[in-house]
Amino acid sequence: MRSGAKSPRARRIKSKRTGGGKSHIRVSGDEMRIRVSPLMLLMAVYFVAVGMAYEFVCTLAAVLLHECAHAKVAKHFGYELNVIKLMPYGAALCGDVGMKPKHEAFVAAAGPALNIALALVFAALWWLLPASYMFTRAFCLCNMYIGVFNLLPVYPLDGGRVLFALLSSRIKRGRAFKIMRIISAVTGVATLALFVLSVFYSPNICLLSVGIFMLFSAFIPDRRAQYTALFELSARRDKLKKPTELAVYAVSEHAPLSELVTCLNPERYTEFAVMSDGFERVGTADETDVVETVKSGGYTLTAGDAVKRRHSRSL
């Protein structure tokens, strides 16, 4: 069993409120945090007010299952993806960077695969139990829409992540990301062109929103929505089998580890010079210290905690 993993025997999903727009959800024994945007709560109120509460619940369930599928497959490969951020335009699975391209492709494909599989299962159920149609139609359509939409080859959608992972296995990730941004921009422009054509017949607002989203993704990529990984020890050893760039960052001892992990990169080794409020050096923490501290206590711990862990490890 990998470090930090809990017993796979706990199969039930449990959720609890923690206040401040956050919840914790437990999937197969692994705790995940849910952060809900205030705008998401306003959207919920709107759907209830217009009599579409059931459709909203179905969509929310499909989105959460989608993200849990990502997290479960990531856990299988030894990665920790345990923060779901719910927003009006979708959800993001947040954390640090460094997933191997092959693993990233499987993790990205897991979410749409589950949604499409659920949609097909419920569609087949209609043949066996026609009376279930009126109760399951919304859930089926939500899963199909989310699954198909996320397969678009646009970053940061899952289809774009799969393509990004395939490109990263052949060229440098920086170049691969530039290619993905170009694809997103071209696809976004084409989608907006279709919207303009639709204006002369029947304006399609969906094309407008999707086009804007694609252009936004191309020019203002969301770093917090990147798939995240806590590097396995074996991955860090592989990284050092050849000369590797060393990146050093200065950071406050109070900085949360959630900020430090965004600096981790599979193409270099990372160290942090941890400073006090008086700009005196408290100590040094490398990416191993950061990763192990997150595994033991979560992202809310600080750079100072990583230094303490390093000191205790050397004793």
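The following paragraphs examine the structure supplied in this document.

The rules behind the values
- Residues numbered from 1 in each chain as written.
- Predicted model: local features only at pLDDT ≥ 70, side-chain atom pairs only at ≥ 80, totals over all residues.
- Heavy atoms only, no water.
- Helix = DSSP H or I, 4+ residues; strand = E, 2+ residues; numbered from the N terminus.
- Polar contact = N/O pair within 3.5 Å; in protein donor to acceptor, adjacent residues only side chain to side chain.
- Contact = heavy atoms within 4.5 Å.
- Core = buried A, V, L, I, M, F, W, Y, C linked by side-chain atoms within 4.5 Å.
- Buried < 20%, exposed > 50% of the residue type's maximum accessible area, 1.4 Å probe, protein only.
- Pairing = 2+ DSSP bridges.
- Phe/Tyr/Trp six-rings, centres within 6.5 Å; stacked < 30°, edge-to-face > 60°.

**Focus: the side chain of Asp-286**
Here's step 1: On the secondary structure map, Asp-286 appears in strand S8 (residues 281–286).
Here's step 2: There is a polar contact of 3.5 Å between the side chain of Asp-286 and the side chain of Tyr-269.
Here's step 3: Side-chain polar atoms of Asp-286 contact the side chain of Arg-310, separated by 3.4 Å.
Here's step 4: The residues touching Asp-286, leaving out its near neighbours within four places in the chain, are Tyr-269, Thr-270, Glu-271 and Arg-310.

**Re the nonpolar core**
Here's step 1: Ranked by size, the top nonpolar core spans 23 residues in total, and within it Ile-34, Leu-81, Ile-84 and Leu-86 carry the most contacts.
Here's step 2: Listing elements by their share of this core, those giving two or more residues are strand S3 (30–36), helix H1 (38–49), helix H2 (53–76), strand S4 (83–87), helix H3 (101–128) and helix H4 (133–150).
Here's step 3: Here the element with the most residues in this core is H2; it accounts for seven residues.
Here's step 4: Counting 18 residues, the second-largest nonpolar core is a separate cluster that includes Val-251, Cys-263, Val-274 and Val-307.

**Quick notes on the pairing of strand S7 (residues 268–275)**
Each regular strand displays side chains that alternate between the two surfaces of the sheet.
Here's step 1: In terms of burial, S7 is largely enclosed, as six of its eight residues are buried.
Here's step 2: Direction of pairing for strand S6 (residues 245–252) relative to S7: parallel, over a ladder of eight bridges. Bridging from a neighbouring strand, Val-251 pairs with Val-274 of S7.
Here's step 3: The antiparallel pairing of S7 with S8 creates a hairpin that spans five residues between the two strands, and Phe-279 there sits at a positive phi of about 65°.

**Side note on the packing of aromatic side chains**
Here's step 1: On inspection of all chains with the given rule, the structure shows three aromatic pairs.
Here's step 2: Between Phe-122 and Phe-139, the aromatic rings sit 5.2 Å apart at their centres with planes inclined by 80°, giving edge-to-face as the arrangement. With Phe-122 in helix H3 and Phe-139 in helix H4, this residue pair connects regions lying 17 residues apart in the sequence.
Here's step 3: Pairing Tyr-249 with Phe-272 gives two aromatic rings, centres 5.9 Å apart and planes at 25°, and the pair type is stacked. Placement of the pair is Tyr-249 in strand S6 and Phe-272 in strand S7, with a sequence separation of 23 residues.
Here's step 4: Here Tyr-249 falls in the partly exposed class, since its relative accessible area comes to 28%.

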